[in-house]
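Structure assessment
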Amino acid sequence: MAQKRKVRIMVAKPGLDGHDRGARIIARAYRDAGFEVIYTGLHQTPEEIVEAAIQEDVDMIGLSSLAGAHKYLFPRVLEILREKGAEDIVVCGGGIFPEEDIAALKKAGIKEIFTPGSSLDEIVKWVEDNIKPR
Amino acid sequence: MKSTAEKVVAGDIRAVARLIRDIDDGMPEIREVLKEIYPYTGKAYVIGITGAPGAGKSTLVDRMITHLRKEGKTVGVLAVDPTSPFSGGAILGDRIRMQRHSMDEGVFIRSLATRGHFGGLTQSTRGAIDVLDAMGKDFILVETVGVGQDEVEVVKSAHTTIIVVVPGMGDDVQAIKAGILEAGDIFLINKADREGAEKTAGDLRLMIDMDQEKYRKGAWRPPILKAQAVADKGVAELVEEIHNHGRYLFETSDDIKLGKKRVRVREELTDMVEKRILEEVINNITKTAEFDRAVDSIVSGDTDPYTACEELVLPALGLSE
Amino acid sequence: MSLIFNRKIFEDIEKEHGAWQEKLDRVFEANPERLKRFSTVSDREIKRIYTPEDIRDQDFSDDIGFPGEYPFTRGAQPSMYRGRLWTMRMFAGLGSAYDTNRRFHLLVNQGQTGLSTAFDMPTLMGYDSDSPKARGECGRCGVAIDTLKDMEDLFEGLPIDRITTSMTINPPAAVIWAMYIVMAEKRGIKRDIIGGTIQNDMLKEFIAQKTFMCPPDSSVRIITDTVEYGTLEVPRWNTISISGYHIREAGSTAVQELAFTLADGIAYTQHAIERGLDVDAFAPRFSFFFNSHLDFFEEIAKFRAARRMWARIMKERFRAKDPRSWWLRFHTQTAGCSLTAQQPYNNVVRTALQALAAVLGGTQSLHTNSLDEVLALPTEEAATIALRTQQIIAEESGVTNTIDPLGGSYCVEALTNQLEEEAFEIIRKIDDMGGMLAAIEKNYPQQEIADSAYHYQRLVDEKQKTVVGLNKYVTDEKLKVDILEIDEELERLQIEKTGRIRNERDNSMVEQCLEKVAEACSGSRNVMGPLIEAVRAYATLQEICDVFRNVFGEYRDPGIY
């Protein structure tokens, strides 16, 4: 039966840091907004995240990081997505980053960065406005 | 340009993933693709894994993947989680426990949400199994949502159904309904280091052995295994029993093999017919100018929804006077 | 028995209270209260006023008493800050061992009295800097330690016979501790002289901080090995710092922090007793580590309740006889999660208030967060302000002149009772599940914390909880703070350094030592002995941790949301 397409989002924690409070809260908020969320758990390499995102056919990957390794890890995810021909998957980031880093990450192709100043409603709304399930 | 079906059969991950999404989203285009890949299906061995939440199904699946991969077999996994009835959203978390296999090219894992479907699976599970089958996976593991004890729909699609129980979790053997007992080809007591494992095994044995007549005629007697999936204990034995059951199905008795297959085809076709009828009839009714007019009249207060519904449905089904 | 209030007084108090309440109700009828509900940061409802009625059954000797006396509500030691101030222990660690060593010298020269080491993520997880898993993380949130050589460079020239060292490390804590012991020994300082703390608290990792390596039961076994070794060989060392800090940072409430931390302490105690150790031989070396969050009175009550609860647990549950086993000594860190990247200078004020709560709660040592900590590792300037904050509280504010100045406050005593009661209820629940290891397996504490974190976030989003600069009094102004940049070169240099050591050491010796470690892990022999020999032979952190992973298996995130 023709039903409306569902937005599918992967919430992923790249790197070794274990601060998953933000990722878990976001995963819940997305669920409560009606999205299907695939949560990868902690300590994922960029390669593992991309492979999982492709298998799960998600529309967006939300990366969360809190230990300073985002400058390497986030762009690396984009790079592998390109290698795999999956650059149509939108990548966003969440965490606490210095202004300069945010600019650099956006320039590298991270679509949006959410910080503790962003409310859950804003984060959900951004998905509703910007992510069209294919 | 290759067609979607060709890409799927060639094992193109992206094409497989997207096709499953289309099936899940109920896109009408998929019918043609499924027709095209059907000839390539029927080779995979399908294993259903069911049991109450917290029984450790995902961890078990994770370990089973490792063992099957060691045998050189390729594996597809469908892991079903419930959709929130309030928001329609879902957090699909089974994958976390299997994520270590994500870089293994011989493994494809897909999380599915029930989207309001009952029975432990999703509407799309049947189609998704066919897709993984056509892409050439040797084994397909289907992990059900495991909300209650009635969810044994997976039996219809699986060659071997494994019922996972945990000692002392309140889902004591007494609580296992007869339907479930019949559904199980293998019973696995997970977390068997916990107190009460022996008792659970004994109780299960008692219930399974009640039907001695059946076994005398050569029916499969479900083994009861103990495991600690977290520590990878007892999983090799489980895989061995799955192979035994498979041999039983395919080698020892042709009738059973056909019977199993026939049951599956019949169920599948019934389901498909049911779904298709609903879809066609509903579309016929709701995608009409008449339907829109009826909505307008209800809103304007010219009629009530009960009358409108009757006036739309009865003629469409040829039941109006 | 020494009831504080004579029963007779309550009749009058109730009458007066009722009259006041009526008057107040009339006032609020005309002008309603500012908020519908007044609650703490943990969303605990707070009354308009507290009176003797709220602590009517309070017994002075049994419940409050004197500092240094059972049940220690008012302080661990009798003299408290009249004798000696708390240890101002600032957490530091950045980049290479050389960089951190320089920072340590600076801190010691500024009057800091204890060192506290932060390690980078690969070290915390038991990976060497040249592991593929470490890419991009070397030296980022602490110092990278791969071998004994790094440990030697880290403490070069520092008076480790006089100052104590705290090391925030968990899964590989036993290995890092072995490195410290050998490093000291090579400088001629014996095991029974060195003092300090390893965090070594794996239970809270499974519950909250999620830095893990091996499954919970094996992790507790290694911890029990360190407790045993410390008790026998390194008597001045605190072998576990039982930590609520991370539980709180993960989003728990105050009472959950209190309950889960003490339940962890109960589990460690139980295991050490089962090992055959006498409770009074090891319990005095357990120390605690709490968070000091924003809600001033609730936090102070939490610290007071923690002391009283632990004393009761040790005396009544474990039958400890030595008063030093009863007392709960704790380190405090101000709440990192309360800081904002917006208007970062406000963080100085938040930290000052939290530090004040920790001091009024009677902390033994304190780390104050730097204003930029939310963004990156602190710059030297920011770290100095944070240290000065403590010094101002200690030496200017006057709050240290008397011990437990809030003791006897109707409000604080009532909150202390309330927190204790609720925390004991949670501990009972955990006991019923079969203890903390069983509760973790059931994901009980993980789920509870996830629920609280989500609840709090919703309150902030709905502006029911104010975060200045974030959901109220917001400005567009972008205030620049200087941020400490970690040199990208560092990773390469560290990888080179470790590579050099691998080439220069006696590799067959390393092999032998690693086999001994594996044997100890598979058997029941204490691993500390073999670990000390392995690090002495310059086996790397990861080589040793890989042995752990091989023998015990790897624990993976169960992903509770």
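Since this is a predicted model, take the numbers as computed values, not measurements.

Okay, the overall build of chain B next. When you go through chain B residue by residue, the secondary structure sums to 12 helices and 8 strands. On the principal axes, the C-alpha backbone points of chain B span a range of 70 × 50 × 40 Å. A buried classification covers 42% of the 321 residues belonging to chain B. A separation of at least 24 residues holds for 73% of the contacts in chain B among residues at least 6 apart in sequence.

A few words on the interface of chain A and chain B. With 28 residues of chain A at the interface, the matching set in chain B holds 30 residues. Of all the elements in the fold, those that place two or more residues in the side of chain A that touches chain B are α1 (21-32), β2 (36-39) and α2 (46-55) of chain A. The leading source of residues in the side of chain A that touches chain B is α2(A), at 6 residues. Looking at the side of chain A that touches chain B residue by residue, the class counts come to 12 nonpolar, 6 polar and 10 charged. For β2(A) and strand β3 (residues 90-92) of chain B, the ladder comprises 3 bridges, and the chain directions are parallel. Paired with Glu36(A) across the two strands is Ala90(B), which belongs to β3(B).

Now for the pairing of strand β4 (residues 90-95) of chain A. Residue and element names in this part refer to chain A. The buried count for β4 comes to 6 of 6 residues, which makes it a mostly enclosed element. Burial along β4 is two-sided: Val90, Cys92 and Gly94 facing one way and Val91, Gly93 and Gly95 facing the other are all buried. The sheet contact formed by strand β3 (residues 60-65) and β4 spans 6 bridges and is parallel. When the sheet's bridge partners are listed, isoleucine 61 is paired in β4 with valine 91. Here β4 pairs with strand β5 (residues 112-114) via 3 bridges, running parallel. Across the sheet, residue cysteine 92 finds its bridge partner in β5, namely glutamate 112. Chirality of the crossover, the property in question, places the unit of β4, helix α4 (residues 99-108) and β5 among those that are right-handed.

Here we come to the pairing of strand β6 (residues 160-165) of chain B. The side chains of a regular strand alternate between both faces of the sheet. Residues and elements named next belong to chain B. With 6 of 6 residues buried, β6 is to be regarded as a mostly interior element. Judged by which residues are buried, β6 turns out to be covered on both faces: Thr160, Ile162 and Val164 on one side and Thr161, Ile163 and Val165 on the other are all buried. Pairing analysis gives 5 bridges linking strand β1 (residues 45-51) to β6, with the strands arranged parallel. Across the sheet, threonine 50 pairs through a bridge with isoleucine 163, a residue of β6. In terms of strand pairing, β6 meets strand β7 (residues 186-189) through 4 bridges, oriented parallel. The residue bridging isoleucine 162 from the neighbouring strand is isoleucine 186, located in β7.

Conventions we followed
Residue numbers run consecutively from 1 along every chain, following the written order of its sequence. Chain labels run from A onward and ligand labels from 1 onward, assigned in the order the entries are written. Whole-chain, interface and lining totals are the exception, using all residues; otherwise, since this is a predicted model, local features are given only for residues with pLDDT of at least 70 and side-chain atom pairs are given and counted only at 80 or more. Helix and strand assignments come from DSSP, with helices taken as H or I runs of at least 4 residues and strands as E runs of at least 2, each series counted from the N terminus. Partly exposed residues are those whose C-beta has more than 12 but fewer than 20 other C-beta atoms within 10 Å; with 20 or more the residue is buried, with 12 or fewer it is exposed, and the C-beta atoms are placed from the backbone. A pair of residues counts as a contact when their C-beta atoms, built from backbone coordinates, are within 7 Å of each other. Polar here means any residue other than Ala, Val, Leu, Ile, Met, Phe, Trp, Tyr, Cys and Pro, which are nonpolar, and Asp, Glu, Lys and Arg, which are charged; Gly is therefore polar. Note: two strands are recorded as paired if DSSP finds a minimum of 2 bridges between them. When the strands point away from the viewer and the connection leading from the first strand across the helix to the second strand turns clockwise, the crossover is called right-handed.

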